[in-house]
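Descriptive analysis of the structure
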Amino acid sequence: MLEMTRDATGGRRGNDDRPIVFENARVIDPSRDLDETGVVVVADRRIVAAGKDVRTARPSDAEVVDCRGAIVAPGLVDMRVFVGEPGAEHRETFASAGQAAAAGGVTTIVTMPDTDPVIDDVALVDFISRRALAETAIRVHPMAALTKGLAGGEMTELRLLGEAGAVGFTDGRRTVTNPALMRRALTYARDFGALIVQHAADPDLVGKGVMNEGEVATRLGLAGIPREAEIVILERDIRLAALTGGRYHAALISCAESLEVVRAAKARGLAVTCGVSVNHLTLNENDIGSYRTFFKLSPPLRHEDDRKAMVAGLADGTIDVVVSSHDPQDVETKRHPFADAADGAVGLETLLPAALRLFHDESIDLVALFRALATRPAELLGLEVGRLAPGAPADLIVVDPDMPWVLDPDLLRSRSKNTAFDGARFSGRVLRTLVAGRTVYEYAAG
Amino acid sequence: MNAPPPPTAIALPNRHLLGIEGMSAAEILALLDLAEEAVEVSRQIEKKKTVLRGRTQINLFFEASTRTQSSFELAGKRLGADVMNMAVANSAVKKGETLIDTAMTLNAMRPDILVVRHHAAGAVELLAQKVSCSVINAGDGVHEHPTQALLDALTIRRHKGAIDQLTVAICGDIAHSRVARSNILLLNALGARVRVVGPSTLLPTGIERLGVDVFTDMRSGLADADIVMMLRLQRERMEGSFVPSVREYFHFFGLDEAKLAWAKPDALVMHPGPMNRGVEIDSAVADGRRSLIGEQVEMGVAVRMAVLEALAAHLPNA
């Protein structure tokens, strides 16, 4: 729906509609299992050609870019982004989130419904789409609440919300605990193929827990969250997905055993998928150190064995998508004793550089990495972006995978600076970001 | 099918009418023929027959009903019976009497026919085992409502000539509908192609095993349908439990002119009543020229007269 509106508005910045030819690029297109040196041609806001055997005539008026071996890949599709709008604009607005995303190579963000008011009504889905269109140059698709007011009691108007543009249904940070409601929602959603997204964390098992249950929590004197809080909900929901035939997506998994559960469900042919945050792929509970609240996340950072299992699960395809789980929090919610601080960390600008660590340590190849960052999420959401196939929208990024840099939180574009990568050393930087053929970010050295 | 009704009253194999299940096509058609006669009787100024003269009919309704109860009352009276309405909701049951005790008490009053509605599936059959008179099921839980299915069939047959080869789409809350179950049985017995159409949350598990084609969208469900039968959606099921809202339900499953256009051009619309206008059906359709909803009520009296008359053959000394 947003797609149509954007194309219909035409050349908002007319000069940007000039064709572009990226030469000497390392072209990554997971939709075609493609990783080769070649050319990418963009015109009329779409990909004309991408790859080494490109015979398309170059438009005479094209801007020609010599990539010098840099990566050209689909722009990232981040399936889990919390924006402060409406209701907490001091933490993040569409404008600031859009700038952060563009700088991070994220061309599509999917917003969570836990705002004030909650996105559980057709008019509010419409509001998000309009605000985002007016305030950002990237694509924004809202997920709507699965239950009215996120109260966990009654399902929302899933079908009308879907027609209004909601790309999925979730209670965001909250877990739908009532199994009868989950069953009915999956049953109802199946009729029109809607995606039900769950934050799998049983609130009773989480209890007062604030970090992974185990030795580190015990040493720190913090209440632990058992892995079973996640696994119990996941196993239950997968049984309901099997019963109903509905499409189920676990938003964030964090435990090695959760992978076994998802793997078994996929082996049975169920419409079950899962995501992981880049934090859980690159950090572990030891990073909490001396009560650093920017590492307080939900689900919590787990043991190093769990992290390694997540990386393996990503490499073997058990994990479908990698998200930032971008969650802006400010001083008033984070400068507290660890147990009292809010969960969450910003991540739009660090999603790709952090994920590239897995490429550099040879845990995963670039095709698999970009499949999880762009292609697969777009497929799950029913979006035509996330690939460089001819005819696809020209949402792409140019990335120098080796450029070294150190993260300075003050330079983050996000309004909130609660990053789990304060002072982190990265290799890899986005040089340029295009949305629908238009440049929305360009790296300027210095 | 348009043959004149047989001159003599037909006999049902049982002394009770507990459901459509187990009835043969021949029995159903004979009842419909007898009902045709009753339609004629009911359209005369002198509406009285004497088949049930001297007989006592008790309408025992454990669940409130205006339409069905008054229809049975009129049917009995037109056949000459003495009819008594027991409003059970405010009587002995409230004082804690069990269903069986109520049945035994009534049985001791020596009625000839009991017409029973109860909120629990199987309750009417249980009661029938304990009394010595004939029992007619006027609706038990979400199990069966045989006279509704018969009156629907009579209405359809009078307009379409025959029931076999017709495509009938039963739409809406199938899960909580005894009308749907009785109609599925009856229409299948008479050779119709039966469909159920509704959101999956309102389709009971295993419904496809009952001889119906299942659709979850109205466009394909109504395509080529001769009859569109709408079902009532109870209010307590609308607000986020089985469907998210009235607005959403009407948008996708409420029968309006636009959706009716997906059915055959001569498709007819039915509803067992009472209707929720603007929920499962739009007023323009309910009151439109393709609606049989008013006629269904008239056929209700005729069918119940036919059922009473057919059961009268089993009464002692008949």
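Parameters and conventions
Residues numbered from 1 in each chain as written. Chains lettered and ligands numbered in written order. Predicted model: local features only at pLDDT ≥ 70, side-chain atom pairs only at ≥ 80, totals over all residues. Heavy atoms only, no water. UniProt positions renumbered as here; feature names shortened; annotations may be inferred. Buried < 20%, exposed > 50% of the residue type's maximum accessible area, 1.4 Å probe, protein only. Helix = DSSP H or I, 4+ residues; strand = E, 2+ residues; numbered from the N terminus. Pairing = 2+ DSSP bridges. Right-handed = clockwise from strand over helix to strand, strands pointing away. Axes fitted to C-alpha atoms, helices over the stretch in contact; angles between N-to-C directions. Salt bridge = Lys/Arg side-chain N within 4 Å of Asp/Glu carboxyl O. Parallel < 35°, antiparallel > 145°, perpendicular 65-115°, else oblique. Contact = heavy atoms within 4.5 Å. Domains from an automatic or database assignment. Buried area = accessible area lost by both parts, 1.4 Å probe. Polar contact = N/O pair within 3.5 Å; in protein donor to acceptor, adjacent residues only side chain to side chain.

Per an unreviewed UniProt entry, chain B carries the name Aspartate carbamoyltransferase and comes from Bauldia litoralis. Recorded in UniProt for chain B, the comment headed Sequence similarities (unreviewed entry) runs: "Belongs to the aspartate/ornithine carbamoyltransferase superfamily. ATCase family."

In the nomenclature of an unreviewed UniProt entry, chain A corresponds to Dihydroorotase from the organism Bauldia litoralis.

Turning our attention to the pairing of strand β1 (residues 56-61) of chain B. Residue and element names in this part refer to chain B. Of all 6 residues making up β1, 5 are buried, and the element is well covered by its neighbours. Pairing of β1 with strand β2 (residues 82-87) involves 6 bridges; the strand directions are parallel. Within the sheet, the bridge partner assigned to Ile-58 lies in β2 and is Met-84. After leaving β1, the chain enters helix α2 (residues 67-78) and then returns to the sheet as β2, a path that is right-handed.

All names here are of chain A. Reading across from one edge, β6-β7-β8 is the order of the 3 strands in this open sheet, with parallel pairing throughout. Two strands bound the open sheet, and with one partner strand each, they are β6 (76-81) and β8 (139-142). Strand-to-strand twist across the sheet, computed as the mean angle between neighbouring axes with direction ignored, equals 20 degrees. Sheet topology note: the β6/strand β7 (residues 106-111) ladder contains 4 bridges and is parallel.

The next thing to look at is the sheet that holds β2(B). Strand pairing in a sheet takes place through backbone hydrogen bonds and is either antiparallel or parallel in direction. Residues and elements named next belong to chain B. Strands sit in the order β2-β1-β3-β4 across an open sheet of 4 strands; the sheet is parallel. The strands lining the two open edges of the sheet, one partner per strand, are β2 and β4 (134-140). Taking the axes of each pair of neighbouring strands and ignoring which way they run, one obtains an average angle of 15 degrees across the sheet. Where β1 meets strand β3 (residues 113-118), 5 bridges bridge the pair, whose relative direction is parallel.

This paragraph deals with the pattern of salt bridges. One pass over the full model with this rule turns up 44 salt bridges over all chains. Of the charged contacts in the structure, one is a salt bridge between Asp330(A) and Arg91(A), with a shortest N-O distance of 4.0 Å. Here Arg91(A) lies in the loop between β6 and α2 (94-103) and Asp330(A) lies in the loop between β16 (321-323) and α12 (331-334), a separation of 239 residues in the sequence. Arg91(A) matches Asp330(A) in its accessibility class, with the two residues each being buried. Note that Glu332(A) and Arg91(A) form a salt bridge whose closest N and O atoms lie 3.2 Å from each other. Of this pair, Glu332(A) sits in helix α12 while Arg91(A) sits in the loop between β6 and α2; the two residues are 241 residues apart in sequence, bridging distant segments of the chain. One connected set of salt bridges, linked through shared partners, spans Asp33(B), Glu36(B), Arg157(B), Arg158(B) and Glu295(B).

Let's shift gears to the packing of helix α8 (residues 228-244) of chain A against helix α9 (residues 256-267) of chain A. Residues and elements named next belong to chain A. Two elements in contact, α8 and α9, have axes separated by 9 Å at closest approach and are oriented at 5 degrees. One element, α8, and the other, α9, form an angle in the roughly parallel class. Here Glu-230, Ile-231, Leu-234, Glu-235 and Ile-238 of α8 lie close against α9, whose contacting residues are Glu-257, Ser-258, Val-261, Val-262 and Ala-265.

Residue and element names in this part refer to chain B. Splitting chain B by domain gives domain 1 (16-144 + 299-313) and domain 2 (146-297). Domain 1 and domain 2 are separated by 25 Å when their C-alpha centres are compared. With 35 residues of domain 1 at the interface, the matching set in domain 2 holds 27 residues. With both sides pooled, the region where domain 1 packs onto domain 2 buries about 2500 Å², and carbon together with sulfur makes up 64% of that total. If you sort the residues of domain 1 by the area they bury against domain 2, Ile-20, Arg-67 and Met-299 come out on top, with a joint share of 26%. The salt bridge partner of Glu-36 is Arg-158, with a shortest N-O separation of 2.7 Å. Seen at the junction of domain 1 and domain 2, the total is 12 residue pairs in polar contact (both at pLDDT 80 or more). Listed by contribution, the elements that provide at least two residues to the side of domain 1 that touches domain 2 are α1 (25-43), α2, β3, β4 and α11 (293-312). At 10 residues, the largest contribution of residues to the side of domain 1 that touches domain 2 is made by α1.

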